Amino acid sequence: MKYDIAAFDFDGTLADTMPWFNSILNTVADKYGFRKIDLSEREQLRHREASEILKYLGIPLWKLPAIMTHVRTLMQDIDPSVHLFDGIPDVLARLKAGGLRMAVISSNSIENVQRVLGPDVAALFDDYECGTDLFGKSAKIDRLMRRHEINPERFLLVGDEMRDVDAARKAGVQVGSVAWGYNHVDALRERGPDEVFLAVSDLPAILA
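All values derive from a computational prediction rather than experimental measurement.

Points about the domain arrangement of the chain
Inference 1: If you check the domain split of the chain, you get domain 1 (5–16 + 82–207) and domain 2 (17–76).
Inference 2: Spacing between the C-alpha centres of domain 1 and domain 2 amounts to 22 Å.
Inference 3: Listed by partner, the interface residues are 20 residues for domain 1 and 15 residues for domain 2.
Inference 4: Taking both partners together, domain 1 and domain 2 bury about 1500 Å²; carbon and sulfur atoms supply 53% of that area.
Inference 5: The three residues of domain 1 that bury the most area against domain 2 are Asp 16, Tyr 182 and His 184, which together make up 33% of that side's buried surface.
Inference 6: Our count for the contact surface shared by domain 1 and domain 2 stands at one salt bridge.
Inference 7: A salt bridge links Arg 191 to Glu 49; its shortest N-O distance comes to 3.2 Å.
Inference 8: Where domain 1 packs against domain 2, one counts nine residue pairs in polar contact (both at pLDDT 80 or more).
Inference 9: Looking at the side of domain 1 that touches domain 2, the elements that each hand over two or more residues are helix H6 (110–122) and helix H8 (162–171).

Pasting the structure below:
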């Protein structure tokens, strides 16, 4: 097996949260006073990194923690409308049966993550690093590596955003980008990930 552990991002990688996020975005914009966007703008923003999106929307960094906390609170009430991408449960079960250790690494709360995963899928994961972190996703990666005693070249972060690639590079681990999430696959490829997954079915083909 190429990797000893795969750490999966949640929003946009395991769970299809984009339709729900788009449905509440303008309401959140009203509450926190940032720019509303239309459908065409949303597609354009898939080619931009997180800092550019914040600037485009007019969100100062000091407002971001409050906005993210509000969004996570809203998610607690709408989990029936947020589901895993098609094929994810079966793929995760195959990877687990093949001996791959798996973790979830997310800024979302562990309660939201496990609620959407459901008990059967949640039990497939060996570890969770969830919630906000002052030092970002790279710190979560470091903690997982220490707990599981994994060498960086045997650790794979699987995510859907350019910032996932950046976090993996900062932590010195390998990174795989999925084509079905928030950032467009062309933007992700420009970051030079170690693996690219164009479809959910590519996960076991590459990881197992």
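Still to come is the rest of the account.
Details of the packing of aromatic side chains
Inference 1: Tallied over the entire structure, the rule returns four aromatic pairs.
Inference 2: Relative to Phe 125, the ring of Phe 8 has its centre 6.4 Å away and its plane inclined at 75 degrees; by these criteria the two rings are edge-to-face. Taken together, the positions of Phe 8 in strand S1 (residues 5–8) and Phe 125 in the loop between H6 and strand S3 (127–130) put the pair 117 residues apart, joining distant regions of the chain. Residue Phe 8 shares its accessibility class with Phe 125, and that shared class is buried.

Things to note about the sheet that holds strand S4 (residues 155–159)
Inference 1: Strand order in the open sheet made by the six strands is S3-S2-S1-S4-S5-S6, with parallel pairing throughout. Only two strands of the sheet have a single partner each, and these edge strands are S3 and strand S6 (195–197). In this sheet, neighbouring strand axes are inclined to one another by 20 degrees on average, regardless of whether the strands run parallel or antiparallel.
Inference 2: Pairing of S1 with strand S2 (residues 101–106), which is carried by four bridges, proceeds in the parallel orientation. Looking at S2, one finds that Phe 8 is bridged to Val 104.

Here we look at H6
Inference 1: Counted at 1.5 Å a residue, the expected span for H6 with its 13 residues is 18 Å, but the 10 Å between its end C-alpha atoms falls short.
Inference 2: The largest bend in H6 is about 65 degrees, located at Val 116, with the proline Pro 119 one to four residues further on.
Inference 3: If you check which residues of H6 are buried, you get Asn 112, Val 113, Val 116, Leu 117, Gly 118, Val 121 and Ala 122.

Parameters at a glance
Residues numbered from 1 in each chain as written. Predicted model: local features only at pLDDT ≥ 70, side-chain atom pairs only at ≥ 80, totals over all residues. Heavy atoms only, no water. Domains from an automatic or database assignment. Contact = heavy atoms within 4.5 Å. Buried area = accessible area lost by both parts, 1.4 Å probe. Salt bridge = Lys/Arg side-chain N within 4 Å of Asp/Glu carboxyl O. Polar contact = N/O pair within 3.5 Å; in protein donor to acceptor, adjacent residues only side chain to side chain. Helix = DSSP H or I, 4+ residues; strand = E, 2+ residues; numbered from the N terminus. Phe/Tyr/Trp six-rings, centres within 6.5 Å; stacked < 30°, edge-to-face > 60°. Buried < 20%, exposed > 50% of the residue type's maximum accessible area, 1.4 Å probe, protein only. Pairing = 2+ DSSP bridges. Axes fitted to C-alpha atoms, helices over the stretch in contact; angles between N-to-C directions. Expected span 1.5 Å × (residues − 1). Bend = angle between axes of the 7 residues up to and from the residue.

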